[in-house]
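If you want the building blocks of each chain, they are given just below.
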Amino acid sequence: MKGYLLIIIPLLIVTSILISLNIFFQHSLQMQIAEDFNAQQLILAQSISHRIKEYLKHMKDDTISLSYILSKMDGTSNEEIIKLKAFFGLTRTNMVVLTNNGSVIFQDGDIDVSSEKAQFLVKKAKSVPFGSSVFIETPKMIYCISPFSDSKKFIFLSLNSIDLAKEVLTDIQAAKKGNIWILTGQGDLLYHPTQTDMAGRNIYSKDNRCFDCHASFDFERNVIENKMSFQGKAINPNDERLLAYSKVQIDDILWTVFLSANYSNVIHITEKSMKVYSYLILTILTATVIFSAILFIFNKKRLATKELEIKQQNMEKYADALEENVKIKTSALIREREKLTTILNAIGGGIILIDKQGKIVWANDKIKEMFEIDVIGKYCEELWVDCDISSTYTKDNFETTIMSMSNEKFLQIITAPVKNEQGEIYRYIRLIQDITEIKKMEEQITNSEKLASIGRLAAGIAHEIGNPLTSIFSYVQILKEIEDDQFKKEGLETIYFHIERISETLKQLSNFTKMPFGEMQLSDINELIENTIKLIQYDKQAKKIVITKELSNSLPQIITNTNQLSQVFINLILNAIDAMPDGGKIFVRSYIKDNNIVIDFEDTGIGIPKENLLKIFDPFYTTKEKGTGLGLAVSYNIIKKMNGMLTVDSEVRKGTVFKITLPITEQINKNAI
């Protein structure tokens, strides 16, 4: 019996706690649901008040506009006024035009304009200045007044308050259920969607019909008497209503939009669910008690098997502890693996693990992106079939190999051995990095240094040859003037001609070394391209060439030297024309990429052999019979001084693309140039 009580009593305690918690959570949940629902009611009340205010504002603006138009159209007929009213979309609005003595000039709509009311409206309207309007509120109507014709005439737009409310609340579901009503600042019921006959009654007057739905109007009175904020929400304890309100104020009009919901209707779903939970707990308690009693009756042999049960429990605890330890270790291993994977993927290069035969047994995600295939299970030789080894060196057991691929990419491969517990090498790890951009930068630096060296050499040659050449040129001119022998004069003419050629070459050398950058100005790249193409299209060689422009309209203007940049464009287009003696196409493109303006000049010409691509920007390198080899070198130097880049990509018998890249944000420093 004692053992039975030891089971039943804790169960009763636990069940009591569960029931108490259930009641507490039920109350908390109900309050939270009520608060959330009331917050939604407040948002809806704010939306309705905003709609009413906007509607009244539009009514004021229409009244002012009509008064202004009528003041400009003296002697307007009734038909014209009706057309104006229809033009402003005021078909549901009453309209009256009165003189300053209360006479009706025009009336449209179902509106009472008795002499007494007309005098009342005119009296109110006389205080309104021309070009403005004001609202006048009566128990059932709203009048918007605006004077015109030197304040001798007045226009009135009127609207039934109930019609206004219906217009605003047509698509509100809560209005159809009667959960929305509107009160004036004096406490009059302006609108009620289901109790229309109650309109005009006041919450301060005692009307027993009002208390069929409302226990009191204390909350509404506090709101109207400005004892509460302009908008808010609350739970009314008198009649268990969830109330939310928002005020509308324009001129002398002050309305309050109220929304309400029955507290019990909002939370009735939770009450049902909580009852089900309570019944479920009681059922579980009853079943547990019955089951415990059955166990107590049929468990007399428990003492004989108690020792075995204790051992089993100890084994279970040990098994649970072991399982938990395994989970902890497994979780730690997973975290370490994720950390290692993240580090390997963040290195920026591809990493592979290979066995002694060169077969790839593991690879990170970057290597799959580089080769666009699943490399696991493949041999390294399959990845660089079309690769040439540029250089190889070994340092501290790390072997570094530079390879060039057929797609003009360069790879740096660093191989390191992986040793086992016995210190024997059983695998290799390789770091594969794409160093194509680094190679291009090295080539540009080399080319720049080469140009600088050639420039200094050219400047020295031009200076050393120029001085004696000037003397020779002067003496040849003198000899031409004093020589009478025809044969000698012809010889002097030949000498004179070749001296001029030498002089022109020296001039080009001098321009190449000095190359003044000229005046900087704000330039439109597309306009510069258009002007260059117009200039070249009259060239005889350009007759067989079709030039296609693909220019971006979103290019900003940049500060640069227009003349120098135009010279570069001309050089590149003329070179493209020379590469297509039998005709072809030139594509000129401009676009923005990585905060740079990029201009492409693509032709369908003979192309440039791969071995010549590194030489084309060298001074005096040319494949043309009459070329000087300075055009591309000068162009390269101009773009470099603009802090830009000039690059080339070509394929034999398919064409060539010259790409100019100019920075947008960086302003060129004239002094630095």
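An account of the accompanying structure is given in this report.

The rules behind the values
- Residues numbered from 1 in each chain as written.
- Predicted model: local features only at pLDDT ≥ 70, side-chain atom pairs only at ≥ 80, totals over all residues.
- Heavy atoms only, no water.
- Helix = DSSP H or I, 4+ residues; strand = E, 2+ residues; numbered from the N terminus.
- Buried < 20%, exposed > 50% of the residue type's maximum accessible area, 1.4 Å probe, protein only.
- Contact = heavy atoms within 4.5 Å.
- Areas by Shrake-Rupley, 256 points an atom, 1.4 Å probe, with all protein chains shown as cover.
- Pairing = 2+ DSSP bridges.
- Axes fitted to C-alpha atoms, helices over the stretch in contact; angles between N-to-C directions.
- Parallel < 35°, antiparallel > 145°, perpendicular 65-115°, else oblique.
- Left-handed = near helix turned anticlockwise from the far one by under 90°.
- Nonpolar A, V, L, I, M, F, W, Y, C, P; charged D, E, K, R; others polar.
- Phe/Tyr/Trp six-rings, centres within 6.5 Å; stacked < 30°, edge-to-face > 60°.
- Salt bridge = Lys/Arg side-chain N within 4 Å of Asp/Glu carboxyl O.

1. Structural notes on the overall build of the protein chain
Across its full length, the protein chain holds 15 helices and 23 strands. The buried share of the protein chain, reckoned over its 673 residues, is 36%. Looking at the protein chain alone, contacts between residues at least 24 apart form 56% of all its contacts between residues at least 6 apart. When the accessible surface of the protein chain is summed, it comes to about 40,900 Å², and 55% of that surface belongs to carbon and sulfur atoms.

2. Examining the pairing of strand β9 (residues 241–250)
Counted residue by residue, β9 has nine buried out of ten residues, so it is predominantly covered. For β9 and strand β10 (residues 253–262), the ladder comprises ten bridges, and the chain directions are antiparallel. Across the sheet, Ser 246 pairs through a bridge with Val 257, a residue of β10. If you look at the hairpin formed by β9 and β10, you'll find two residues sitting between the two strands, and Asp 251 has a positive phi there, around 55 degrees.

3. Some thoughts on the environment of Ala 542
Its location among the elements puts Ala 542 in the loop between α13 (525–536) and β18 (545–551). In the structure, Ala 542 is positioned 42 residues away from Gly 584 in sequence and 9.6 Å away in space, judged by C-alpha atoms. The residues contacting Ala 542, other than those within four sequence positions of it, are Ile 536, Gln 537 and Ile 577.

4. With respect to the packing of α13 against helix α14 (residues 562–578)
Running from N to C, α13 and α14 cross one another at 50 degrees; their axes reach a closest spacing of 10 Å. It follows that α13 is oblique to α14 by the angle criterion. As for the relative orientation of α13 and α14, their crossing is right-handed in sense. On the side of α13, the interface is formed by Ile 525, Leu 528, Ile 529, Thr 532, Ile 533, Leu 535 and Ile 536, while α14 contributes Thr 562, Leu 565, Ser 566, Phe 569, Ile 570, Ile 573, Leu 574 and Ile 577. Split into classes, the residues belonging to the contact of α13 with α14 amount to twelve nonpolar, three polar and no charged.

5. Section: the packing of aromatic side chains
The final tally for this structure, using the stated rule, is two aromatic pairs. Aromatic pair Tyr 245 and Phe 258: ring centres 6.2 Å apart, planes at 40 degrees, arrangement tilted. Of the two residues, Tyr 245 is situated in strand β9 and Phe 258 in strand β10; the sequence distance between them amounts to 13 residues. Assigned by exposure class, Tyr 245 and Phe 258 land together as buried. Aromatic pair Phe 569 and Phe 601: ring centres 5.4 Å apart, planes at 50 degrees, arrangement tilted. Residue Phe 569 is located in helix α14, and its partner Phe 601 is located in strand β21 (residues 596–603); the two are separated by 32 residues in the primary sequence. Pair check on accessibility: Phe 569 and Phe 601 agree, each one buried.

6. Focus: the sheet that holds strand β20 (residues 584–593)
Spatial ordering of the open sheet is given by β18-β20-β21-β23-β22, a layout of five strands whose pairing is mixed. With partners counted over all chains shown, the strands left at the sheet margins are β18 and β22 (645–651), one partner each. Here the average twist between neighbouring strands, direction ignored, is 15 degrees. With seven bridges joining them, β22 and strand β23 (residues 655–663) adopt antiparallel strand pairing. The partner of Ser 650 across the bridge, within β23, is Thr 656.

7. Notes on the packing of α14 against helix α15 (residues 631–641)
Two numbers describe how α14 lies on α15: the axes approach to 9 Å, and their chain directions differ by 145 degrees. Here α14 runs over α15; the crossing is left-handed. Together, Gln 564, Leu 565, Gln 567, Val 568, Asn 571, Leu 572 and Asn 575 of α14 and Gly 631, Leu 632, Val 634, Ser 635, Ile 638 and Ile 639 of α15 make up the contact between the two elements. Among the residues forming the contact of α14 with α15, the class breakdown is seven nonpolar, six polar and no charged.

8. Structural notes on the sheet that holds strand β2 (residues 104–108)
Strand order in the open sheet made by the five strands is β2-β1-β5-β4-β3, with antiparallel pairing throughout. Unpaired on one side and paired on the other, β2 and β3 (134–137) mark the two borders of the sheet. The mean angle between the axes of side-by-side strands here comes to 20 degrees, regardless of whether they run parallel or antiparallel. Bridge count for β3 against strand β4 (residues 141–148) is four bridges, and the pairing is antiparallel. Across the sheet, residue Val 134 finds its bridge partner in β4, namely Ile 145. Strand contacts of helix α2 (residues 78–87): β1 (94–99) and β2, with the helix running at about 45 degrees to β2, the strand carrying the most contacts.

9. Considerations on the environment of Ser 158
Position of Ser 158 relative to the elements: it lies in strand β5 (residues 153–160). Looking at Ser 158, the relative accessible area reads 0%, which means it is buried. Separated by 15 residues in the primary sequence, Ser 158 and Tyr 143 place their C-alpha atoms 4.4 Å from one another. What Ser 158 contacts, discounting residues up to four positions off in sequence, is Met 59, Thr 93, Asn 94, Ile 111, Met 141, Ile 142 and Tyr 143.

10. Examining the pattern of salt bridges
Throughout the structure, instances matching the rule amount to seven salt bridges. With a closest N to O distance of 3.9 Å, Lys 327 and Glu 323 form a salt bridge. On the criterion of helical spacing, the pair formed by Lys 327 and Glu 323 is a turn pair, its members being four residues apart in helix α8 (residues 306–346). Judged by relative accessible area, which is 48%, Lys 327 ranks as partly exposed. Here Glu 323 falls in the partly exposed class, since its relative accessible area comes to 42%. A salt bridge links Lys 659 to Asp 600, with the nearest nitrogen and oxygen atoms 3.0 Å apart. Placement of Lys 659 in strand β23 and of Asp 600 in strand β21 is noted, with a sequence separation of 59 residues between them. Salt bridges sharing partners connect three or more residues here, namely Glu 550, Arg 589 and Glu 602.

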